[in-house]
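# Commentary on secondary and tertiary structure
Residue-level listing of the chains:
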Amino acid sequence: MKKLEKHKPPEGIWVFGDYRNYFQNRVTLQLIAKGKELAEKLATDLTVLVLGHQIHQYAMEYVAHGADVIVAVDHPVLKTYQVETYTRVVAELVENWKPNVFLAGATAFGREFFPRLAKRLMTGLSADCVSLDVDAQRGWLIQTTPSFGGELLADVITPRSRPQMATVHPGLFQERVHDKGAVGRIIYPDVKVEADERVQLVRSEAVPGHRGEVQEAAVVVVGGRGIGSRENFQKLFELARCLGGEVGATRPVVMEGWVEEDRLLGQTGKSVKPRLLITVGTSGALQYTAGIQGAETIVAVNRDPNAPIFKMADLGLIGEGRSILTLLLETLRKRT
Ligand SMILES: Cc1cc2nc3c(=O)[nH]c(=O)nc-3n(C[C@H](O)[C@H](O)[C@H](O)COP(=O)(O)OP(=O)(O)OC[C@H]3O[C@@H](n4cnc5c(N)ncnc54)[C@H](O)[C@@H]3O)c2cc1C
């Protein structure tokens, strides 16, 4: 690792650059925006670490989105993600450059890669954070994460070990405006990259019929357990079609098999930021609301006037979900 020492070490806040499905997967860009804000509070740099092959274009994109420094490890072996190889390479860089904070998206990738990396580095990791801040005096990262089954939001700190690591839920932070004129430093470190002999990637293909549009939709209609049945749930698809939107679901609905898992919203699902979100028959559990707090306007339908969902709703309708859905659909059908 001699060559690494020639560079001025980027030691402040690091974000792992997950550029797979770049145009859909915006979590790295969201973390760059948040990381930059935190780096400014700590008077340090925001560095993005990118691994892969022929990745210069992504390095440039991350600079345009606000990164001060890019550490790019470009090697044919890194073209496809292999958890062992990636962990070895990243652990070596972190041990040499000692960043204070290291963040990744709480995607399937981040959820597999970061715990392994944290163990290798013998440091802590807060999973699925919903908010981040810093204590500028102490240099601490305040990692807010749902705990006790989502009943509480806990602020976690890592006072001794470094880096302070966290995975963060997608969709929580606003990405910065793309600035073509932005200037950043790109470092190509000379780090040893070796393939993991034990694992070979045979094939990689996209899931057929995978949509992922719920995160892009301007209107999202969500159904919870209170919808009552798979048949009733179909009404939500009709409502979403009338409004030009998409359908989301809470966990019990997915567990019942009324809808596919890729529509799950919340702590273990997707986060959405639509202009309008209509949520029917959902109680408003924290693990669910973690995924909808970015919505501009929330309309909640529930028969229980004390349902916690009403605390965050802009408009609340107390009544039978099915009847209100039927009325809404009738009104909308007359208009179209
Ligand atoms: C670690 C962990 C992670 C989790 N992650 C997630 C997650 O990502 N996403 C998620 O959604 N959940 C998650 N959960 C589960 C979460 O805690 C809640 O159990 C879940 O969100 C509740 O879903 P719900 O609101 O549909 O159902 P319920 O809590 O059962 O609420 C149903 C609501 O419908 C109302 N209702 C009933 N009948 C009618 C009717 N006819 N008309 C109108 N209203 C009616 C009721 O008053 C009630 O408020 C997680 C839990 C844990 C422990």
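Now for a description of the structure that goes with this document. Since this is a predicted model, take the numbers as computed values, not measurements.

Contact geometry for helix α3 (residues 83-97) and helix α4 (residues 108-121): axes closest at 10 Å, N-to-C directions at 50°. Accordingly, the angle class assigned to the pair α3 and α4 is oblique. The chirality of how α3 crosses α4 is right-handed. Here Val83, Glu84, Tyr86, Thr87, Arg88, Val90, Ala91, Val94 and Glu95 of α3 lie close against α4, whose contacting residues are Glu112, Phe113, Arg116, Leu117, Arg120 and Leu121. Tallied by class, residues from the contact of α3 with α4 come to eight nonpolar, one polar and six charged.

So, on to unusual backbone geometry. With an omega of 0°, the peptide bond between Arg162 and Pro163 qualifies as cis. You can see Pro163 is positioned in the loop between β8 (152-156) and β9 (164-168). The phi dihedral of Gln54 falls on the positive side, at around 55°, and the residue is not glycine. Relative to the helices and strands, Gln54 resides in the loop between β2 (46-52) and α2 (56-64).

On to helix α5 (residues 230-243), then. Compared with the 20 Å implied by 1.5 Å per residue over 14 residues, the 21 Å span of α5 between its first and last C-alpha is a close match. All buried positions along α5 are accounted for by Asn232, Phe233, Leu236, Leu239 and Ala240. Along the long axis of α5, the arc covered by the buried residues comes to 110°, so they all point the same way. Exposed positions of α5 whose direction lies more than 90 degrees from the buried face are Glu231 and Arg241. Looking at the buried positions of α5, the neighbouring elements they touch are β11 (219-223), β12 (246-249), α6 (251-256), β13 (276-280) and α9 (321-335). Just past α5, the residue Gly244 takes up positive phi, approximately 70°.

Opposite charge on two side chains permits pairing when their charged atoms draw close. Going through the model one piece at a time under the given rule, you end up with 16 salt bridges. Across the pair Arg303 and Glu320 runs a salt bridge, and its minimum N-O distance is 3.7 Å. Remark: Glu320 occurs in the loop between β15 (315-318) and α9 and Arg303 occurs in the loop between β14 (297-302) and α8 (309-312); sequence separation between them is 17 residues. Its relative accessible area of 37% is what places Glu320 among the partly exposed residues.

Analysis parameters
Residues numbered from 1 in each chain as written. Predicted model: local features only at pLDDT ≥ 70, side-chain atom pairs only at ≥ 80, totals over all residues. Heavy atoms only, no water. Axes fitted to C-alpha atoms, helices over the stretch in contact; angles between N-to-C directions. Helix = DSSP H or I, 4+ residues; strand = E, 2+ residues; numbered from the N terminus. Parallel < 35°, antiparallel > 145°, perpendicular 65-115°, else oblique. Left-handed = near helix turned anticlockwise from the far one by under 90°. Contact = heavy atoms within 4.5 Å. Nonpolar A, V, L, I, M, F, W, Y, C, P; charged D, E, K, R; others polar. Expected span 1.5 Å × (residues − 1). Buried < 20%, exposed > 50% of the residue type's maximum accessible area, 1.4 Å probe, protein only. Arc of directions from axis to C-beta. Salt bridge = Lys/Arg side-chain N within 4 Å of Asp/Glu carboxyl O.

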